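# Descriptive analysis of the structure
What follows is the residue order along each chain.
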Amino acid sequence: EGIKKIRELEKLVLSDTVAKVNHVLEIRKLLQGKNKEVKIAATHSLRRLYIHFFESRSINKNITTKDTSMQQYQLWLSKQFLLFFELLVDFLSTTDETLHALSIRTAIELIKYAGFCMSSNYEESNEESNFCFYAFRL
């Protein structure tokens, strides 16, 4: 049932990202459970969702909008991404080689999307709203 629920939650988020984005928290909670197959499904789901967020610029290097609710949304989403990334790192402390491989593969793919924060126009003056500020705190 966990894998089916993950798929349903992912579809909901993709159908209306802003309104349904809180379902990311439910998927992450399933990721933190004990069932290995559910962990794998949740990891793949969150990877797809965060790639979607990067591609749609929902997670952005610099928050450029003047809309404070959108700024809060982008900041919240960036923090959720980092919490997911921390869980990937935690998988490396287990003895499960499948989770190790999954974690490394997922992290590398996400770094390709998050890598734009390494660009030379990183603005230190606006650290609190800068995705990189949170990424480098890991």
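Our subject is the structure that appears above.
Figured I'd write up the structure that's included with this text. Keep in mind the model is a prediction, meaning the values are calculated, not measured. (Residues numbered from 1 in each chain as written. Predicted model: local features only at pLDDT ≥ 70, side-chain atom pairs only at ≥ 80, totals over all residues. Heavy atoms only, no water.)

Once that is clear, we can look at the overall build of the protein. A count of helical and extended segments in the protein gives seven helices and zero strands. Going residue by residue from the N terminus, the α and β elements of the protein occur as α-α-α-α-α-α-α. Pairs at least 24 residues apart make up 62% of the contacts formed inside the protein by residues separated by at least 6 positions. With the model as given, the accessible surface of the protein reaches about 7,900 Å², and the carbon-plus-sulfur share is 52%. (Helix = DSSP H or I, 4+ residues; strand = E, 2+ residues; numbered from the N terminus. Contact = heavy atoms within 4.5 Å. Areas by Shrake-Rupley, 256 points an atom, 1.4 Å probe, with all protein chains shown as cover.)

Scanning the entire structure with this criterion turns up five salt bridges. A salt bridge links E26 to K5; the nearest nitrogen and oxygen atoms lie 4.0 Å apart. Here K5 lies in helix α1 (residues 2–15) and E26 lies in helix α3 (residues 23–31), a separation of 21 residues in the sequence. According to the relative accessible area criterion, E26 is partly exposed, its value standing at 32%. Here E10 and R48 are joined by a salt bridge, their closest N and O atoms 2.8 Å apart. With E10 in helix α1 and R48 in helix α4 (residues 36–55), this residue pair connects regions lying 38 residues apart in the sequence. Given a relative accessible area of 8%, E10 falls into the buried group. Residue R48 is classed as partly exposed on the basis of its relative accessible area, which comes to 38%. Among the charged side chains, a salt-bridge network with shared partners connects R47, R105 and E109. (Salt bridge = Lys/Arg side-chain N within 4 Å of Asp/Glu carboxyl O. Buried < 20%, exposed > 50% of the residue type's maximum accessible area, 1.4 Å probe, protein only.)

Another point: the packing of aromatic side chains. Applying the stated criterion across every chain, the model contains six aromatic pairs. Look at F54 and F81: their rings are 5.1 Å apart centre to centre, the planes differ by 85 degrees, and that puts the pair in the edge-to-face class. Taken together, the positions of F54 in helix α4 and F81 in helix α5 (residues 68–91) put the pair 27 residues apart, joining distant regions of the chain. F54 gets classed as buried once you look at its relative accessible area, which sits at 3%. On the basis of relative accessible area, F81 is assigned to the buried category, the value being 3%. Seen in terms of ring centroids, F54 and Y113 are 6.5 Å apart; in terms of plane orientation they differ by 25 degrees. Their pairing is stacked. Here Y113 lies in helix α6 (residues 97–114) and F54 lies in helix α4, a separation of 59 residues in the sequence. Given the relative accessible area of 26%, Y113 is considered partly exposed. Through a chain of ring-to-ring contacts, the aromatic side chains of Y50, F53, F54, F81, F84, F85 and Y113 assemble into a single cluster. (Phe/Tyr/Trp six-rings, centres within 6.5 Å; stacked < 30°, edge-to-face > 60°.)

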